[in-house]
Amino acid sequence: MDPNVPSAARMYDYYLGGKDNFAADREAAEKIIKILPNVRAIARENREFLVRAVTYLAQQGVRQFLDIGAGLPTQRNVHQVAQEVTPGARVVYVDNDPIVLVHARALLMENSDVIAVDADMRDPEGILNHPDIRAHLDFSQPTAILLLGILHFIPDDEEAHKIVSALKSALVPGGYLVISHGSVSEVPEEQAREGMEVYSRTSVPGVTSRTAQQVQEFFSGLDLVDPGVVLLRDWRPDPDAVLLPELGRVDAVGGVGRKP
């Protein structure tokens, strides 16, 4: 690991106000913030969407979660949310950032129902066939596969669909796919190129934006849970939540699909 090379996971940690990042991550993140000033709000909305979606799934009886591109542990992680509803829920965190794995494994030392695995979203078969994951999850039972704030790091549409299709093949009836995705439509072309250049220096192949319709296509073959693919804040919002004025309109969409 080279601390001088920015990491998408550590940049996300910086957006959330975390401290597990290096100077190179902060410098790269600040460049993105200049291009997309509400990126911190997008990160916060994504975490809140995670909590609502995982709570919903656990309430539907899902007891297994595969979180791909999990990122650095923060407040209200997948296993904490799921196990509040369903004690004993089993969770696998997948990431290829060494700092993410160190922090996750330290956090999970006393929780035998949760593991962290070094693997790459760009190799979905390697994830599904990973011996540690196979030992921890029973894919003959309903599982929720989470791709939260990660698919926009696959700029090529064909590759993104191949990844999602491979992962969907592991779902049995009653299993779920959860996706959140950046959907920024009003960034000038020059600034968009600058953003791509920033992320091209990290371990991810790039970054792209997709519309709600494009994200909905990833759920082909699944039944979308109401209200479908919408802005994150509109997906089953907590009626008691207070939306802070500075959030504004957040350009990120998400949805949940169920294998019929």
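This one's a predicted model, so the numbers in the text were calculated from it and none came from an experiment.

A short note on the overall build of the protein chain
Helix and strand counts for the protein chain come out as 10 helices and eight strands. At 17 Å, the protein chain has a C-alpha radius of gyration in line with the 18 Å of a compact globule built from 260 residues. Seen through its C-alpha atoms, the protein chain measures out along the principal axes to roughly 45 × 40 × 40 Å. When contacts within the protein chain are restricted to residue pairs at least 6 apart in sequence, long-range pairs at least 24 apart make up 72% of them. Separation of charge centres in the protein chain, based on 25 positive and 37 negative side chains, amounts to 2 Å.

Some details on empty space enclosed by the protein
As enumerated under the stated definition, the model contains one cavity of 30 Å³ or more in all. Approximately 120 Å³ is the volume attributed to the largest cavity. For the lining of the largest cavity, the elements supplying multiple residues, two or more each, are β2 (90-95), α5 (98-107) and β3 (114-118). Top contributing element to the lining of the largest cavity by residue count: α5, with four residues. Within the lining of the largest cavity, the residues separate by chemical class into 12 nonpolar, two polar and three charged.

Details of the pattern of salt bridges
The final tally for this structure, using the stated rule, is 10 salt bridges. A salt bridge links arginine 122 to aspartate 120; the nearest nitrogen and oxygen atoms lie 2.9 Å apart. Classification of aspartate 120 as partly exposed rests on a relative accessible area of 25%. A salt bridge links arginine 210 to aspartate 157, with the nearest nitrogen and oxygen atoms 2.8 Å apart.

Let's talk about the pairing of β2
Of all the six residues making up β2, five are buried; the element is thus mostly covered by neighbouring parts of the structure. Summarising the sheet, strand β1 (residues 64-68) and β2 pair through five bridges and their orientation is parallel. Within β2, the residue paired with isoleucine 68 across the bridge is valine 94. Traced from β1 through helix α4 (residues 78-85) to β2, the parallel crossover comes out right-handed. Once the chain exits β2 it traverses α5 before rejoining the sheet at β3, and the crossover so formed is right-handed.

Focus on helix α1 (residues 8-15)
Counting buried residues along α1, seven of its eight residues qualify, which places the element largely inside the surrounding structure. Buried residues of α1: Ala8, Ala9, Arg10, Met11, Asp13, Tyr14 and Tyr15, and no others. Sitting at the amino-terminal end of α1 is serine 7, which places a side-chain oxygen 3.2 Å from the backbone nitrogen of alanine 9. Where α1 terminates, the next one or two residues include glycine 17, which has phi positive at roughly 90 degrees.

Some points on helix α2 (residues 23-35)
Taking 1.5 Å per residue as the helical rise, α2 with its 13 residues ought to reach 18 Å, and the 19 Å between its terminal C-alpha atoms agrees with that figure. For α2, every residue scored as buried is listed here: Ala24, Asp25, Ala28, Ala29, Ile32, Ile33 and Ile35.

With respect to the packing of aromatic side chains
One pass over the full model with this rule turns up four aromatic pairs. Relative to tyrosine 176, the ring of tyrosine 56 has its centre 6.4 Å away and its plane inclined at 90 degrees; by these criteria the two rings are edge-to-face. Of the two residues, tyrosine 56 is situated in helix α3 (residues 39-59) and tyrosine 176 in strand β5 (residues 176-182); the sequence distance between them amounts to 120 residues. Overall, the relative accessible area of 15% leaves tyrosine 56 in the buried class.

Here we look at the pairing of strand β8 (residues 252-258)
Of all the seven residues making up β8, six are buried; the element is thus mostly covered by neighbouring parts of the structure. Two elements, β5 and β8, share seven bridges in a ladder whose sense is antiparallel. Bridge assignment links histidine 181 to a residue of β8, and that residue is valine 253. Relative to β8, strand β6 (residues 223-224) runs antiparallel, the two sharing two bridges. In the sheet register, aspartate 223 faces β8, and the bridge partner there is arginine 258. Sheet topology places strand β7 (residues 230-231) next to β8; two bridges connect them, and they run antiparallel. The residue bridging valine 230 from the neighbouring strand is glycine 254, located in β8.

Parameters and conventions
- Residues numbered from 1 in each chain as written.
- Predicted model: local features only at pLDDT ≥ 70, side-chain atom pairs only at ≥ 80, totals over all residues.
- Heavy atoms only, no water.
- Helix = DSSP H or I, 4+ residues; strand = E, 2+ residues; numbered from the N terminus.
- Rg over C-alpha atoms; globule rule 2.2 N^0.38 Å.
- Contact = heavy atoms within 4.5 Å.
- Lys, Arg positive; Asp, Glu negative; His and termini not counted.
- Charge placed at Lys NZ, Arg CZ, Asp CG, Glu CD.
- 1 Å grid on protein atoms, 1.4 Å probe; cavity = no way out; pocket = protein on both sides within 12 Å on 5 of 7 lines; lining within 4 Å.
- Points joined across faces, edges and corners; volume = space filled by probe spheres on them.
- Nonpolar A, V, L, I, M, F, W, Y, C, P; charged D, E, K, R; others polar.
- Salt bridge = Lys/Arg side-chain N within 4 Å of Asp/Glu carboxyl O.
- Buried < 20%, exposed > 50% of the residue type's maximum accessible area, 1.4 Å probe, protein only.
- Pairing = 2+ DSSP bridges.
- Right-handed = clockwise from strand over helix to strand, strands pointing away.
- Polar contact = N/O pair within 3.5 Å; in protein donor to acceptor, adjacent residues only side chain to side chain.
- Expected span 1.5 Å × (residues − 1).
- Phe/Tyr/Trp six-rings, centres within 6.5 Å; stacked < 30°, edge-to-face > 60°.

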